[in-house]
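Structural overview for review
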Amino acid sequence: MAGRIACLLVPDLPWVALVRAHPELAGRPLAVTAGAGPRAEVLALSPEAARRGVRLPCSAAGARAACAELAVHAASPALEEAARHALLDAALSTSPRAELAPPAAGLRAAEAAVFLDASGLTACFGSEAGFAAALSARALRLGLPAVVAVAGSRAVARIAARRHLPGWLARPPGEAGPVEVVTPGGDTAFLAPLPLELLDPPDALAEACTRFGLRRVGDLLRLPRRALLARLGADAARLLDVALGAGQEPPPPAPPEARLEESTELEGSVDRLEPLLFVLQGLLSRLAARLECRGLGCAELELGLRLAGGGRDVRRVGVAAPSVDVRVLLRLAALALEAHPPAAEIEGASVAAEGRPLRGDQLDFFRPAGPPPALLGRTLAELEALCGPGRVGAPVVVDTHRPGAFALAPFAPAASAARAEAPASATGAASRARSEREARAEALDHGAVHEAAPPYGHHLTVRALRPPLPAQVEARAGRPVRLASAVARGDVLQCAGPWRTSGAWWSDEERFAFDHYDVVTSDGTAARLRYDPSRRAWEVDAIYD
Amino acid sequence: MAPPPSAPLAEREPRLAAALRDLGARVRRGAPPETAAPRCPTGLDAVDRLLGGGFPRGGLSEIAGPPSSGRTSLVLALLAAATARGEVAALVDAADAFDPPSAAAAGVALPRLLWVRPPGLGEALRSASHLLAARGFAVVVLDLAASGARAAAPRARESRARGGDAAGASPESLGSRTWLRLRQATAGTDTALVVVADARLAEGSADLALDLAPASARFEGPAGPSDAPGAEGAFLAALESELRLVRDRRGGALRCTGARWPQRGAA
């Protein structure tokens, strides 16, 4: 069976992109101009403005003269670009092969189209009409009312979609666009009765065709190709190829990694966090809708701010687990901005997300079910937004003797279980042993070793004190006999030590050397006391508990 | 004249007897079958015996005690047992006192433990709520023990007497509504919520409350310098704690109310 190509078409991208970013403008008479000022050319009109009698071509002043309530906005290339890619996201949510059509020119300049491979999708959507309706509905959910057509080639699918544009104005706001399915193998029959103008012939060729009495595509198809080429040139042959179904190759598959971006220009400079967060909320909402449409989550957020004076502030915000929760992403962005406020007023903002698949829920026969991965991802993101970056994760024992050292790794219990259950092959065991030897050798090279390791191999549980609490110690013969601190106080009843812990001797900033004592004071507290010879200071750095 | 109570049911309640006969095997007489409340064991025999199997799932438990009373060791034993079963656990560490090497030595599978380090008490409580809502965590430990806070219990009572419920700067300022909310969030889940503090905070809202007290410390090894006062030995080998079960809402009659629990160092 021949391949099938679908075309997802938005006829008036400038006003659709504007309404997508400003939903409050929906249903209002709206004109999008090429620039500012009354003489600016109007590029696109909303259906409501057309119903009120505004006609293209016209200037902003002329449009206002026709409709006093008309809202005039300058076109935003950033919004249009984001809307164009959102259209591609809607297509990629239904088919793995989709690509943006090159921008059209002339009268079709306001058009945005995406071609996608519609072959074999009836199993998912029931029929090609069902697929087209689902695609149209998904585009509408992203704020993009679009026409969908399915045919045997790109050109025919696009023409089939354009055929519905005259009825576009009568479409009630908020309703999904119309769909058209050309019968498989019936592309030529479908085109034959249509006007020749739908094939977008160059002006000279269109004039020649009119002169020869060729008004419909069928008239062109009846002529012999060689004679047509001799009389009307290569453009006519190209037109004939389009009518005969050229362009049947499917679009290339989408790359596995996805980077989605939304951006906007601000009407005025912003110097406070609150209005900026309001802007970011809108951007993140649109970004999250696109991610959700494709079944992805935001794994890393990139926040871009265009500063007054031409500077640019770009910061990356880590997300604990892929998430599409706008509240969480906004909170993370707010934390990042609060921690490091921008250096100047902000004139434009953008958010970009690295899309990663949301975690699937794979149950295990032999292990208790943990939190559902999607819910866990959302919880991790919420916790990180609540507590701040670097404060949520799985604890890791650091290869150092520095007291209180710790590290956090991403919390992924399912992945760790899979690693733990991987068969320990001989090669794996050998490489593990080698890596341990190498790690040990590296530690020795760097001097990160216990200079006087405790003579015992036992580890009583400690509660770390971060930072260590200063202590007043009365010592006799170098051993503490009385202790006063916020956590332990009184006579030292029992004492052991000292053991020297030292390391990082090569770095002035990181060097440490302590004499540790285990003491039990008369108030019943067992504490780990340390003396820093360089500062001549006593501290309690842990409690045995 | 009414039939005597010792008469057969068919004589005393003929309609009920007829209905039971019609329903046949679908109806049984007697109280509903007792199902043991699921518990989360600690793996420590003495403690599990005391608790009737462990900390209750779907309930709020409290561990209260002063520093060096073994609260952290008990929590790590609970986390180690849960992670050894392949379950995941979470620790909301408001005191920022968690020591990963201690946990690893106690047998906690660190990759299965989610460590949350909230910057304040309010964030700690909200973190616990988020974790309970996520479901699937076997244990959520809310560590509110502030080392050094000695006389927390009287202050907590004073605060509650004033009707305080705001997430203030200290755990003692939390009122009963906070704990009721947490208990409600735990109910119906498979999660055992364990609050660790210097003194009991949840009081009546807790399903289980355990008081810990330090008993003794044992030093082992060669003796220290003879001229040093208090030099008992070379290293601190073990701490012993006393446990007292002060509340067990689900356990019925208390099996025993106290135990001694030696915490030995892990080799």
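This is a predicted model, so every value here is computed, not measured.

Here chain A averages 82 in pLDDT, while 88% of its residues score no lower than 70. When pLDDT is averaged over each element of chain A, strand β13 (residues 392-396) of chain A comes out on top at 93 and helix α17 (residues 426-446) of chain A at the bottom at 42.

The subject of this paragraph is unusual backbone geometry. As a rule of thumb, non-glycine residues mostly have phi less than zero, and peptide bonds are mostly trans rather than cis. Residue Pro 57 of chain A is bonded to the preceding Leu 56 of chain A through a cis peptide linkage, with omega at -5°. With respect to the helices and strands, the residue Pro 57 of chain A is situated in the loop between α2 (47-51) and α3 (60-66). With omega at -5°, the peptide bond leading from Arg 466 of chain A into Pro 467 of chain A counts as cis. You can see Pro 467 of chain A is positioned in strand β15 (residues 462-476). With a phi close to 50°, Asp 96 of chain B is a non-glycine residue in the positive phi region. In this fold, Asp 96 of chain B is placed in the loop between β4 (88-93) and α5 (100-105).

The subject of this paragraph is the sheet that holds strand β6 (residues 112-117) of chain A. Whether parallel or antiparallel, the strands of a sheet pair through hydrogen bonds between backbone atoms. All names here are of chain A. In space, the five strands of this open sheet follow the order β5-β6-β1-β7-β8, with mixed pairing throughout. Among the strands making up the open sheet, the edge pair consists of β5 (98-100) and β8 (179-181). The mean inter-strand angle of the sheet, taken between neighbouring strand axes irrespective of direction, is 15°. Here strand β1 (residues 5-10) pairs with β6 via six bridges, running antiparallel. In the strand pairing of β6, Ala 6 is matched with Leu 116.

Next up on the list: the interface of chain B and chain A. Between chain B and chain A, the contact holds 70 residues from the first and 61 residues from the second. Across the chain B to chain A interface the summed buried area is about 5,300 Å²; carbon plus sulfur atoms make up 61%. For the pair chain B and chain A, the interface holds three salt bridges. For Arg 71 of chain B, the salt bridge identified is with Asp 545 of chain A, shortest N-O distance 3.2 Å. Here chain B and chain A share 19 residue pairs in polar contact (both at pLDDT 80 or more) between them. The biggest single contributor to the side of chain B that touches chain A is helix α6 (residues 121-134) of chain B, with seven residues. Each residue belonging to the side of chain B that touches chain A can be placed in one class, and the counts come to 39 nonpolar, 16 polar and 15 charged. Two elements, β13 of chain A and strand β5 (residues 113-116) of chain B, share two bridges in a ladder whose sense is antiparallel. Counted as the bridge partner of Val 392 of chain A is Val 116 of chain B from β5 of chain B.

Time to look at α6 of chain B. Residues and elements named next belong to chain B. Between its first and last C-alpha atoms α6 spans 20 Å; for 14 residues at 1.5 Å apiece the expected length is 20 Å, and the two agree. All of the buried residues in α6 are Leu 121, Ala 124, Leu 125, Ser 127, Ala 128, Leu 131, Leu 132 and Ala 134. Among the residues trailing α6, Arg 135 stands out with phi positive, at a value near 55°.

Quick look at the pairing of strand β19 (residues 526-532) of chain A now. Residue and element names in this part refer to chain A. Counting buried positions over the seven residues of β19 gives six, a clear majority of the element. Summarising the sheet, strand β18 (residues 512-521) and β19 pair through six bridges and their orientation is antiparallel. Counterpart to His 516 in the pairing with β19 is Arg 530. Taken together, the six bridges between β19 and strand β20 (residues 537-544) define a ladder with antiparallel strand orientation. Residue pairing across strands places Leu 529 opposite Val 540, the latter belonging to β20.

How each quantity is defined
- Residues numbered from 1 in each chain as written.
- Chains lettered and ligands numbered in written order.
- Predicted model: local features only at pLDDT ≥ 70, side-chain atom pairs only at ≥ 80, totals over all residues.
- Heavy atoms only, no water.
- pLDDT = per-residue confidence, 0-100.
- Helix = DSSP H or I, 4+ residues; strand = E, 2+ residues; numbered from the N terminus.
- Pairing = 2+ DSSP bridges.
- Axes fitted to C-alpha atoms, helices over the stretch in contact; angles between N-to-C directions.
- Contact = heavy atoms within 4.5 Å.
- Buried area = accessible area lost by both parts, 1.4 Å probe.
- Salt bridge = Lys/Arg side-chain N within 4 Å of Asp/Glu carboxyl O.
- Polar contact = N/O pair within 3.5 Å; in protein donor to acceptor, adjacent residues only side chain to side chain.
- Nonpolar A, V, L, I, M, F, W, Y, C, P; charged D, E, K, R; others polar.
- Expected span 1.5 Å × (residues − 1).
- Buried < 20%, exposed > 50% of the residue type's maximum accessible area, 1.4 Å probe, protein only.

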